[in-house]
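Structural characterization, general
Residue-level listing of the chains:
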Amino acid sequence: MKKRVILTTVCAAVLFLAAVGAGLNAVFTVTSVQASFSALSETGIKEAKELQKELDGFVGKSTTFLDAEEIRATVEKYPCFKIEGKIEKRFPQTIVLNVAEREEVFAVWSEERGTYAVLDAEGIYLYDKDDASNRLGGQNIVLTGFSLELRKGEAAQGEIFSEFLAVFREFESKLGGVRRNLASVQFGKPSSQASYDYFSLSMQEGVAVFIDRPSSKAQEKAQKAIGLYLSLDERERTYGEIFASENPLTGEITAKHNSVPIGVGN
C-alpha cells in the first residue's frame with residue numbers, strides 16, 4: 001500500500017512538473033521579432049523584407065535560451081545592414097532590435113575582378129557592382145590605386161587605407177554630404193619610397209587636392225587642405241590644385257592653392 005501511495009505521489013509530481021514546464025515553455029516562447037528598419041534605398045527596403053522573414057524564423061524558440069549572437073549572425077548575412085544598439089529580450093515573448101542600412105560611399109575599382117567593390121564610410125565592404133553608381137542616386141566616390149583585402153561585412157584592409165579614411169573623415173566633418181564635393185581619390189605610389197606617395201582628391205568643382213606623403217600626419221594635412229578649400233571662392237574652386245605637405249626640417253604642415261598645377265613633389 002505504501003509503495004502504491006509513493007508511486008502515485010511521484011507520478012503526480014512528475015505530471016505537475018511537466019505541466020509547469022509546458023506552461024513556462026509556452027510563456028517564454030518567442031512569438032514576435034520586432035525589427036525596426038531604417039532603410040535608405042528601394043533596394044534596402046526589399047532586402048529589409050527578406051531579412052525580416054529570416055528573423056521571423058526565431059519565432060517558436062525559447063526566449064530564455066535564445067542566444068542574441070544567433071540573431072546578430074542572421075543580420076550579418078546582409079552586409080548592407082547593421083544592428084544599432086543592443087538586441088533586447090522583452091520577456092516573456094518578444095525580441096526587439098534596430099537595424100539600419102549602411103550608406104554606401106566608395107566604389108573601389110578592381111582590375112583583377114573587373115568590378116567595383118562598394119564600401120561604406122567606415123570602409124566596410126558591402127558588395128560588388130559593374131559601375132560606381134550609388135543606391136540613392138548619383139555616384140559613389142571612386143577610389144583607384146588602392147590594393148585592398150576585402151571580406152563582405154568587414155572593414156577593408158590595405159596599405160595606407162586607414163590613413164585615407166582619416167583624411168576622408170576630416171573632409172566629411174567639414175563638408176557634410178561629401179559625395180557632392182568629392183568625385184574620386186587616387187593613391188599614387190610612383191616609387192618604392194613612401195616619401196613619394198600621395199593622395200590625389202578630385203573635387204567636383206574642378207580643383208584637385210594633393211596630400212603629400214600621407215603616411216605622416218595625414219589627418220593634419222587634410223585639416224589644412226580642407227580649410228584652404230573652404231576659403232576659396234566659387235571660381236577659385238574650379239581650377240588648379242591645393243597642395244598640403246610637411247616641412248621635413250620643422251614638421252610644419254602647410255597648404256597652398258596653385259593656379260597652375262605644379263605636380264606632386266615640386
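What comes next is a walk through the structure.

This paragraph deals with unusual backbone geometry. Generally, phi is negative for residues other than glycine and the peptide bonds are trans, each holding for most cases. Along the chain, F91 connects to P92 via a cis peptide bond; the corresponding omega equals 10 degrees. With respect to the secondary-structure elements, P92 resides in the loop between β2 (81-90) and β3 (94-101). Of note in the backbone geometry, I160 takes a positive phi value of approximately 65 degrees without being a glycine. Looking at the element boundaries, I160 is found in the loop between β9 (157-158) and α4 (161-175). For I160, a relative accessible area of 10% translates into the label buried. A positive phi is found at K217, a non-glycine position, where the angle reads about 55 degrees. Look at K217 and you get partly exposed, because its relative accessible area is 35%.

Here we come to the pairing of strand β4 (residues 104-110). A large share of β4 lies buried, amounting to 6 of its 7 residues. Two strands pair when backbone bridges link them, and β4 and strand β5 (residues 115-120) are joined in this way by 6 bridges, in the antiparallel orientation. Bridged to S110 within β5 is T115. Between the antiparallel neighbours β4 and β5 lie 4 residues, among them G114 with a positive phi of about 75 degrees. With 3 bridges connecting them, β4 and strand β7 (residues 141-144) associate as parallel partners. Among the inter-strand pairings, F106 is bridged to a residue of β7, identified as I141.

Interaxial distance between α4 and helix α5 (residues 218-231) falls to 9 Å at its minimum, and their mutual angle equals 30 degrees. When the axis of α4 is compared with that of α5, the two are roughly parallel. The hand of the α4/α5 crossing is right-handed. The residues of α5 that touch α4, namely those facing E163, A166, V167, E170, F171, K174 and L175, are A218, Q219, A222, Q223, I226, Y229 and L230. Of the residues contributing to the contact of α4 with α5, the split by class is 9 nonpolar, 2 polar and 3 charged.

Before going further, it helps to examine the nonpolar core. Core analysis: the largest hydrophobic core is formed by 38 residues, its most contacted members being F146, F164 and F171. When residues no more than four places from it in sequence are discounted, the contact partners of F146 are E159, I160, F161, F164, V185, Q186, F187 and F199. By size, the runner-up hydrophobic cluster in this structure holds 17 residues, among which are A48, L66, Y78 and F81.

Following the criterion strictly, the structure yields 13 aromatic pairs and no others. Ring centres of F146 and F187 lie 5.6 Å apart, and the angle between their planes is 35 degrees; on these two criteria the pair is classed as tilted. Here F146, found in the loop between β7 and β8 (148-149), pairs with F187, found in strand β10 (residues 182-188); they are 41 residues apart in sequence, far enough to count as distant. According to the relative accessible area criterion, F146 is buried, its value standing at 9%. Residue F187 is classed as buried on the basis of its relative accessible area, which comes to 5%. Put simply, the rings of F106, F146, F161, F164, F168, F187 and F199 touch in pairs and so form one group of aromatic residues. Above the plane of the ring of Y229 lies R237, whose end atom (NZ or CZ) is 4.4 Å from the centre.

Rules used throughout
- Residues numbered from 1 in each chain as written.
- Predicted model: local features only at pLDDT ≥ 70, side-chain atom pairs only at ≥ 80, totals over all residues.
- Heavy atoms only, no water.
- Helix = DSSP H or I, 4+ residues; strand = E, 2+ residues; numbered from the N terminus.
- Buried < 20%, exposed > 50% of the residue type's maximum accessible area, 1.4 Å probe, protein only.
- Pairing = 2+ DSSP bridges.
- Axes fitted to C-alpha atoms, helices over the stretch in contact; angles between N-to-C directions.
- Parallel < 35°, antiparallel > 145°, perpendicular 65-115°, else oblique.
- Left-handed = near helix turned anticlockwise from the far one by under 90°.
- Contact = heavy atoms within 4.5 Å.
- Nonpolar A, V, L, I, M, F, W, Y, C, P; charged D, E, K, R; others polar.
- Core = buried A, V, L, I, M, F, W, Y, C linked by side-chain atoms within 4.5 Å.
- Phe/Tyr/Trp six-rings, centres within 6.5 Å; stacked < 30°, edge-to-face > 60°.
- Lys NZ or Arg CZ within 6 Å of the ring centre and 35° of its normal.

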